[in-house]
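Read off the chains here:
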Amino acid sequence: MIGRPRVHHRVTDSTNERARELAATGAPHGTLVTADEQSAGRGRQGRAWVAPPGRAILMSVVVRDFGEHQLLPLAVPVAVCEACESVAPVACKIKWPNDVWIDGRKVAGILVEGRPQEGWAVLGIGLNVSTTEDEFPDELRDTATSLAVAANQPVDRATVLDRLLESVEQQLEAPAADILGAWRDRDALEGQTVRWRDGEGVAAGISDSGALVVESNGTRVELDAGEVHLLR
Ligand code: BTN
């Protein structure tokens, strides 16, 4: 179901933008938009997402009638981790709320945009597959990686995409407890000091609704991903 129908663009501004347009005009659950290149890829918190042509998976999936599925933003990184680990000898972690890391570097980012009142959401995934170290922009070279760099072997983009579609489908059907368990097993921040605009504390896992729990000056604070931006 996830991945059909599929629209592929050689170049587009943003696959999330294309998928949102399709969703707004009635595209069915599972509709997939992919691109080799984006001219205006979007990240969370208004940031840009950049990837050299043909080196990354740039995809957006329309999901419908996910009802009370509050955990979409957590289910997607779990799916990305499982797909990556099934095609390459890597160990993936998740940096709250949904960055995927290998060896402390970001390999994938996720942007979930939705219209809950219209019953749809778009799951946008950018996954660096075969980007080489020198292809990352200077400002990302120390913090980004690709599957091929991390695994030190070639990785085929079409194979990763197939696995990713399967694992997204599985995670969308998984019970909340399983999603939370899998996410918690991969928590990259647990025990680390984290900082945000209004405070600092030690990360202590996530709540059942996906908020980041932080111990700060003897109190437990819950940070909401929609409102709080962690400082690196
Ligand atoms: C982030 O890390 O801030 C999220 C990055 C999400 C990037 C993907 S690439 C495919 C899809 N289209 C977009 O414009 N953004 C997402």
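Predicted, not measured: the structure shown is a model, and the values here were computed from it.

Student: When you look at the domain arrangement of the protein in this model, what are you seeing that I'm missing?
Tutor: For interface size, the figure often reported is the accessible area lost on association. Annotation of the protein at the domain level lists domain 1 (6-185) and domain 2 (193-230). Distance between the C-alpha centres of domain 1 and domain 2: 24 Å. Between domain 1 and domain 2 lies a buried interface of about 960 Å² when both sides are counted; carbon and sulfur atoms form 63% of it. Of all residues in domain 1, Gln45, Trp96 and Arg184 bury the most surface against domain 2, accounting for 59% of the area lost on that side. Scanning the region where domain 1 abuts domain 2 turns up one salt bridge. In this structure, Asp208 and Arg184 form a salt bridge, with 2.9 Å as the shortest nitrogen-oxygen distance. The interface formed by domain 1 and domain 2 includes four residue pairs in polar contact (both at pLDDT 80 or more). For the side of domain 1 that touches domain 2, the element with the most residues is helix 5 (residues 176-185), which contributes three residues.

Student: Where do I start with the pairing of strand 1 (residues 6-12) in this structure?
Tutor: Working note: regular strand, side chains alternate between the two faces of the sheet. Sheet analysis places strand 1 next to strand 2 (residues 32-38), joined by six bridges and oriented parallel. Residue His9 lies in a different strand from strand 2, and its bridge partner there is Ala35. Note on the crossover from strand 1 through helix 1 (residues 15-24) to strand 2: the handedness is right-handed.

Student: Before we go on, may I ask you to explain the side chain of Thr131 in this structure?
Tutor: Positionally, Thr131 belongs in the loop between strand 7 (120-128) and helix 3 (147-151). If we ignore the near neighbours within four places in the chain, the residues touching Thr131 are Pro52, Arg55, Phe136, Ser146 and Val149.

What counts as what
- Residues numbered from 1 in each chain as written.
- Predicted model: local features only at pLDDT ≥ 70, side-chain atom pairs only at ≥ 80, totals over all residues.
- Heavy atoms only, no water.
- Domains from an automatic or database assignment.
- Buried area = accessible area lost by both parts, 1.4 Å probe.
- Salt bridge = Lys/Arg side-chain N within 4 Å of Asp/Glu carboxyl O.
- Polar contact = N/O pair within 3.5 Å; in protein donor to acceptor, adjacent residues only side chain to side chain.
- Helix = DSSP H or I, 4+ residues; strand = E, 2+ residues; numbered from the N terminus.
- Pairing = 2+ DSSP bridges.
- Right-handed = clockwise from strand over helix to strand, strands pointing away.
- Contact = heavy atoms within 4.5 Å.

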